[in-house]
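# Results of the structural survey
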Amino acid sequence: MSVNGEATRDEDNTDEPGWEVDQDDDWALAVIATVGRQLRLRRESVEMRVGDFAAAVGYGEDLVYKIESGKRIPRPEYLDTADEVLNAGGLVAAMKEDVKKVRYPKKVRDLAQMEARAVELQLYDPLNVHGLLQTPDYARGLLLMRRPAYSSEEVERFIAARVARKAVFDRDPAPELSFVLEEWTLRRPLGGETRLRRQLEHLLEIGQLRNVELQVMPMDHVEHAGLAGGIEVLKFEDGSLVGRSPAVANGRPVSEPRQLRILELRYGIIRAQALTPRESASFIEQLLGET
């Protein structure tokens, strides 16, 4: 039994994909190692063996060993329960904030931090529905298409990261968000038509937000300024900008005025060539009816 009377969890269910530590992320390795060491020291300070602690928190011994050795990222509820079992007075539970910062891959964390500061985002992805707009189920369908295939741990990790980035929609004050979507990405039922229908429904819901503009680039338009690849332009409150595109600096973030001017110019033309937000909503509704 656990400390709160719940049945002991099945270890196979708790040691699930997506909570492995990225071995190429030095900061994450250091943070999780420190958290694990603190958990072990606190357990030993109350003279509790691993088996007894595992039974008390309701997790398997193997998972406890992995967390204490820095090989596994502890879930928030694990830290909450451990805090109670060890009578830590909130000190163990407080480590959730440290774990939260390294829960996702480094490149995703860096992007999420920039998105969290931006007051305006201009986003164009010619290959897929943009990650900020994807439902978790649709994201899973896309990730499972990747070759060579991602491991199950990588798939779950990327899905969790994309879900976490959606916090940008909940900010107050809300940033201005502009997306241009390619028609073909809205038609291709990757992972199945059910996934696609739910994705289209989600787009219609997001498009109703006052701070969001969704525009579709139809396949039959004879002019298209986005053939050089995706574009991201993030604008911040102090007037500074950061941009990124495969066609500029090999996809690395750029802040040099000349390169930013090119990205803004291309994005502006793409928006002008695409359907208006109102036309795009009608277009997505039509696609939904055909799916």
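All of the points below concern the structure found in this document. Residue positions are given per chain, counted from 1 along the sequence in the order it is written. Side-chain atom pairs in this predicted model are given and counted only at pLDDT of 80 or more, local residue features only at pLDDT of at least 70, and totals for whole chains, interfaces and linings cover all residues. Side-chain numbers here rest on the full set of heavy atoms in the structure, without hydrogens or water.

## Re the overall build of the chain
Secondary structure counts use DSSP, requiring at least four H or I residues in a row for a helix and at least two E residues in a row for a strand, with both numbered from the N terminus. In terms of helices and strands, the chain carries 13 helices and five strands. Dimensions of the chain along its principal axes, counting C-alpha atoms only, are 70 × 45 × 40 Å. Sorting the 291 residues of the chain into buried and exposed places 45% on the buried side. Pairs of residues are marked as contacts when any of their non-hydrogen atoms sit within 4.5 Å. Within the chain, counting contacts between residues at least 6 apart in sequence, those at least 24 apart form 72% of the total. Element-wise, carbon and sulfur atoms account for 49% of the exposed surface of the chain, whose accessible area totals about 15,200 Å². For the purpose of counting charges, residues Lys and Arg are taken to be positive, whereas Asp and Glu are taken to be negative. His and the chain ends are not included. To locate a charge, the coordinates of NZ of Lys, CZ of Arg, CG of Asp or CD of Glu are taken. Charged side chains in the chain number 40 positive and 50 negative. The centres of these two groups are separated by 3 Å. Per-residue accessibility, obtained with a 1.4 Å probe over protein chains only, is compared with the maximum for each type, and a residue is labelled buried under 20%, exposed over 50%, and partly exposed between these values. Residue burial considers only the protein chains on display, and all accessible areas are found by Shrake-Rupley using a 1.4 Å probe.

## Points about the packing of aromatic side chains
Aromatic rings from Phe, Tyr and Trp, taking only the six-membered ring of Trp, are treated as a pair when their centres fall within 6.5 Å; an angle between ring planes under 30 degrees marks them as stacked, one over 60 as edge-to-face, and anything in between as tilted. Scanning all chains against the criterion turns up three aromatic pairs. Ring centres of Y150 and F158 lie 5.2 Å apart, and the angle between their planes is 50 degrees; on these two criteria the pair is classed as tilted. For F158, a relative accessible area of 15% corresponds to the buried category. Following the ring pairs from residue to residue traces out a cluster consisting of F53, Y59 and Y78. Two conditions define a charge sitting above a ring: the NZ of Lys or the CZ of Arg must be within 6 Å of the ring centre, and it must be within 35 degrees of the ring normal. Directly above the ring of Y150 sits R146, whose terminal nitrogen or CZ lies 4.3 Å from the centroid.

## Some details on the sheet that holds strand β5 (residues 241-244)
A sheet is described by the order of its strands in space; here five strands give the open sequence β3-β2-β1-β4-β5, paired in mixed fashion. Looking at strand neighbours, the two that pair on one side only are β3 (212-217) and β5, the edges of this open sheet. Taking each pair of neighbouring strands and ignoring which way they run, the sheet shows an average axis angle of 10 degrees. The pairing criterion for strands is at least two bridges between them, as found by DSSP. For strand β1 (residues 118-125) and strand β4 (residues 231-236), the ladder comprises six bridges, and the chain directions are antiparallel. Convention adopted: a line fitted to C-alpha atoms gives each axis, helices being fitted over their contacting stretch, and angles between N-to-C directions are expressed from 0 to 180 degrees.

## A few points about helix α5 (residues 76-85)
All of the buried residues along α5 are Y78, L79, T81, A82, D83 and V85. In this structure, the buried side of α5 is in contact with α2 (26-45), α3 (50-57), α4 (61-68) and α6 (96-102). Following α5 by one or two positions, N87 adopts a phi angle in the positive range, close to 50 degrees.

## Some words on the environment of I67
Position of I67 among the secondary structure elements: in helix α4. For I67 and V35, which are 32 residues apart along the polypeptide, the C-alpha to C-alpha distance reads 8.3 Å. Here I67 is in contact with G36, L39, R72, P74 and Y78, once residues within four sequence places are set aside.

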